[in-house]
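Structural description and commentary
Here is how the chains run, residue by residue.
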Amino acid sequence: MSLPQKKSLIPPLSEERRRFQRVSVNLLGRYMLADRREFPCQVSNMSPGGMALIAPVAGEVGERVIAYVDHVGRLEGVIARQFQNGFAMTIGATSRKRDKLAAQLTWLANRHILNLPEDRRHGRITPRNPTGRLILPNGVNVAVRVIDISASGAAIKTEHRPEIGSAVTIGKTTGRVVRHLEEGFAIEFTRLQHSDFLEENVTGG
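The structure reproduced in this document is the subject of the present report. (Residues numbered from 1 in each chain as written. Predicted model: local features only at pLDDT ≥ 70, side-chain atom pairs only at ≥ 80, totals over all residues. Heavy atoms only, no water.)

Let us now look at the pattern of salt bridges. This model, assessed by the stated rule, comprises eight salt bridges. For Arg-30, the salt bridge is made with Glu-38, and the minimal N-O distance between the two is 3.2 Å. By relative accessible area, Arg-30 is classed as partly exposed at 40%. Taking the shortest distance from any N to any O, the salt bridge between Glu-76 and Arg-64 comes out at 2.6 Å. Placement of Glu-76 in strand β5 (residues 73-83) and of Arg-64 in strand β4 (residues 64-69) is noted, with a sequence separation of twelve residues between them. Look at the salt bridges and you will find they share partners, linking Arg-64, Arg-74 and Glu-76 into a network. (Salt bridge = Lys/Arg side-chain N within 4 Å of Asp/Glu carboxyl O. Buried < 20%, exposed > 50% of the residue type's maximum accessible area, 1.4 Å probe, protein only. Helix = DSSP H or I, 4+ residues; strand = E, 2+ residues; numbered from the N terminus.)

As structure tokens, then:
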């Protein structure tokens, strides 16, 4: 009797794989099971329809789970299957949310393919003029304090918290929000900046 039950899980997963291309990622996060227990996790692959988590507690197939994933944000779904070190879950989302997630995954995949360095691998500097102008995803232009900058990113002090993965512009430089900080957020630039023009392009200083 157990074989038909196991087979019943396969079509949705197969369908999900056909509809959405999975991207290999290495993203940290945490997840909450239905009983509200929270655990850390690492997402090993993801598509707009589902993802695989390396996790200490797998939960039960069909159990609702909420995950908070670096670069992506909050995702909800149900556990579709278990494997040795974790589980795979579906991602329940509207078409608009799936499109946004697909764009975020494309960005993450391209960053991986191009081997763009993380901002930690570039020397950070404190700008002489820390005041900058930030254009938020909704087009609003606000004054912010630039904590530090490097060739590949910047840390911004502001009360505004755009969603992770959303596009912003600091000074003349475009980028994406990659993580939230205690007093603001971090930006990864779309393109590496030349050190000679870094402050000019980011703060105008």
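Time to look at the environment of Glu-182. By secondary structure assignment, the location of Glu-182 is in the loop between β11 (173-181) and β12 (184-189). Between the C-alpha atom of Glu-182 and that of Thr-158, which follows or precedes it by 24 residues, the distance is 9.7 Å.

Its location among the elements puts Gln-84 in the loop between β5 and β6 (86-90). Judged by relative accessible area, which is 78%, Gln-84 ranks as exposed. Distance from Gln-84 to Pro-56, taken between C-alpha atoms, is 9.8 Å for residues 28 residues apart in sequence.

Spatially, the six strands close up into a barrel ordered β1-β2-β3-β6-β5-β4, and their pairing is antiparallel. Mean inter-strand twist for the sheet, computed between neighbouring axes without regard to direction, equals 45°. Direction of pairing for strand β1 (residues 23-32) relative to strand β2 (residues 38-47): antiparallel, over a ladder of eight bridges. Pairing of Arg-30 across the sheet is with Pro-40, part of β2. (Pairing = 2+ DSSP bridges. Axes fitted to C-alpha atoms, helices over the stretch in contact; angles between N-to-C directions.)

For the rest of this paragraph, the subject is the sheet that holds β12. The six strands are arranged β7-β8-β9-β12-β11-β10 in a closed barrel whose pairing can be described as antiparallel. Direction aside, the axes of adjacent strands within the sheet are offset by 45° on average. The pairing of strand β7 (residues 131-135) with strand β10 (residues 167-170) spans two bridges and is antiparallel. Note on β10: the bridge partner recorded for Leu-134 is Ile-170.

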